[in-house]
Each structure stands twice: as C-alpha cells, then as structure tokens.
Amino acid sequence: MATNLEPFRTAVDLIKSIPGFDDIGSHVVVSEIGIDMSRFLSAPHLVSWAGICPRNDESAGKRRSNRLRKGAPWLKTTVVQCSWAAIKKKGSYLQALYHRIKARRGPKKAIIAVAASILTAIYHMLKDGTMYQDLGADHFNRRSTDRQKTRLVKRLADLGYAVELKPLAA
C-alpha cells in the first residue's frame, strides 16, 4: 500500500497539516481532486466543483433555492466531517470563523463555510506546495481596527449610549 502512495506522499502530508485532517481524510481529498491544481482555474472553481457553494437559482428577481449543489459527494462529505473536527481546536482561525458565522446564520451554514475555507486552503497549499499556516483566533479582530471601532461605537449607540472616542496618551 505504501508504494502506491509514494507519488502523492507530499500532497497527503500537506493536507494532514490542516487541523481536523488525518490519514484517511487526506487520502480521500487527494484521491478525489488529485495533486494537479491546473485543472481548476481558481480556488472558487474547486469549491464549486466539490459542491460546497450554494446554487444561484433565481428567476424574475425571486430567489428560489440556495441549497448546496450536488458536486462530488465523497469529497464534500469528507471535508465537512473534517471541518467538524477542525473547529474543536482552540484558538484556531477555523474555530473563530465557525463561531463568527454561526452567530448570524446557524451551525449548518457555518460548518459549510468552514469547509469551503478549508478547501480553498487546500487548493493554495497544493498549488504552491506550502504547509498550512493558521491565522489565529484573533485574525478578524486584527484585520481592521477602524472597522472594529465603528462597529463597537454603533453597537453602544444602539444600546442608548453616547460615545466619544479619544486616543490614549502613550
């Protein structure tokens, strides 16, 4: 069995560096999508091919269905199961992403978003040959302090407080 895996060993090791993925999960991903990412034009194309993005069923301005596409059933199932395991790692980007989306859209939509994020990372890892680098749980807080500042001031204003911001003297 080990001799059959030799050409794909590096790809399997790259995927195993993602939290939540073990030997079986990484073997399924490599067997389903392969190691040549030139087949897909971009990461969203891979996510769409896997069936993890919602349908766009709209006619006459009415949205009819936004269920998931059929896609690749083995790949989709494996990535979603590994996503459930990945969100258990404390202080990780994937856990922060899950909790951020779960608050607005619910747990099922949030886990699909985490699966899409993992599949996007897999695309870039296999294309560039890099290991997984976790962005950390505070990634969303570090992104833009101005946006966070206005969001928090708006939340306090919604609660009925008038807020005046002054920078601290260093």
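To start, this report covers the structure provided alongside it. (Residues numbered from 1 in each chain as written. Predicted model: local features only at pLDDT ≥ 70, side-chain atom pairs only at ≥ 80, totals over all residues. Heavy atoms only, no water.)

### Focus on the overall build of the protein
Move 1: Assigned secondary structure in the protein consists of 9 helices and 2 strands.
Move 2: Start at the N end of the protein and walk to the C end: the helices and strands fall as α-α-α-α-β-β-α-α-α-α-α.
Move 3: Each principal axis of the C-alpha distribution contributes one length, and for the protein these read about 65 × 50 × 25 Å.
Move 4: Here the protein, with 170 residues, has 35% of them falling under the buried criterion.
Move 5: Pairs at least 24 apart in sequence give 56% of the contacts found in the protein among residues at least 6 apart.
Move 6: Of the accessible surface of the protein, which amounts to about 11400 Å², a share of 55% is contributed by carbon and sulfur atoms.
Move 7: For the protein, the separation between the mean place of its 29 positive charges and that of its 14 negative charges on side chains is 9 Å. (Helix = DSSP H or I, 4+ residues; strand = E, 2+ residues; numbered from the N terminus. Buried < 20%, exposed > 50% of the residue type's maximum accessible area, 1.4 Å probe, protein only. Contact = heavy atoms within 4.5 Å. Areas by Shrake-Rupley, 256 points an atom, 1.4 Å probe, with all protein chains shown as cover. Lys, Arg positive; Asp, Glu negative; His and termini not counted. Charge placed at Lys NZ, Arg CZ, Asp CG, Glu CD.)

### As for the packing of aromatic side chains
Move 1: Under the counting rule described, the total for this entry stands at 3 aromatic pairs.
Move 2: Over the ring of Trp49 we find Arg39; its NZ or CZ atom is 5.9 Å from the centre of that ring. (Phe/Tyr/Trp six-rings, centres within 6.5 Å; stacked < 30°, edge-to-face > 60°. Lys NZ or Arg CZ within 6 Å of the ring centre and 35° of its normal.)

### Observations regarding the packing of helix H6 (residues 93–105) against helix H7 (residues 107–128)
Move 1: Orientation of H6 relative to H7, taken along the N-to-C sense of each, is 145°, at an axis distance of 8 Å. Crossing of H6 against H7: the hand is right-handed. Across the interface between the two elements, Tyr93, Leu94, Leu97, Tyr98, Ile101, Lys102 and Arg105 of H6 pack against Pro107, Lys109, Ala110, Ile111, Ala113, Val114, Ser117 and Ile118 of H7.
Move 2: For the contact of H6 with H7, a count of residues per class yields 11 nonpolar, 1 polar and 3 charged. (Axes fitted to C-alpha atoms, helices over the stretch in contact; angles between N-to-C directions. Left-handed = near helix turned anticlockwise from the far one by under 90°. Nonpolar A, V, L, I, M, F, W, Y, C, P; charged D, E, K, R; others polar.)

### Some points on the side chain of Gln95
Move 1: Summarising the element assignment, Gln95 is placed in helix H6.
Move 2: Gln95 has contacts with Ile87, Lys88, Lys89 and Lys90, leaving out every residue within four places of it along the chain.

### Thoughts on helix H5 (residues 73–86)
Turn by turn, an α-helix covers 3.6 residues, leaving residues three or four places apart pointing in a common direction.
Move 1: With 14 residues, H5 extends 20 Å from end C-alpha to end C-alpha; this agrees with the ideal 20 Å at 1.5 Å per step.
Move 2: Packed against the buried residues of H5 are helix H3 (23–33), helix H4 (43–50), H6 and H7. (Expected span 1.5 Å × (residues − 1).)

### Observations concerning helix H9 (residues 145–158)
Move 1: When the terminal C-alpha atoms of H9 are compared, their 20 Å separation across 14 residues agrees well with the 20 Å that a helix rising 1.5 Å per residue should span.
Move 2: Directly after H9, the chain includes Gly160, whose backbone phi takes a positive value near 100°.

### Some points on the pattern of salt bridges
Move 1: A full pass over the atoms with the stated rule returns 3 salt bridges.
Move 2: Its salt-bridge partner being Asp23, residue Lys16 comes within 2.7 Å of it at the nearest N-O pair.
Move 3: By relative accessible area, which is 35% here, Lys16 ends up partly exposed.
Move 4: Using a relative accessible area of 40% as the deciding quantity, one classes Asp23 as partly exposed.
Move 5: For the salt bridge of Asp158 with Lys154, the shortest nitrogen-to-oxygen distance reads 3.3 Å. With Asp158 and Lys154 both in helix H9 and 4 residues apart, the pair spans about one turn of that helix.
Move 6: For Lys154, a relative accessible area of 52% puts it in the exposed group. (Salt bridge = Lys/Arg side-chain N within 4 Å of Asp/Glu carboxyl O.)

### A short note on a positive patch on the surface
Move 1: Taken together, the side chains of Arg63, Arg100, Arg104, Arg105, Lys109, Arg143, Arg147, Arg151 and Arg155 define a basic patch exposed on the protein surface.
Move 2: Those elements giving two or more residues to the positive patch turn out to be H6 and H9.
Move 3: Mapped onto the secondary structure, Arg147 falls in helix H9.
Move 4: For Arg147, a relative accessible area of 53% gives the class exposed. (Patch = residues over 30% accessible without salt bridge, like charges linked within 9 Å, V, L, I, M, F, W, Y side chains within 5 Å.)

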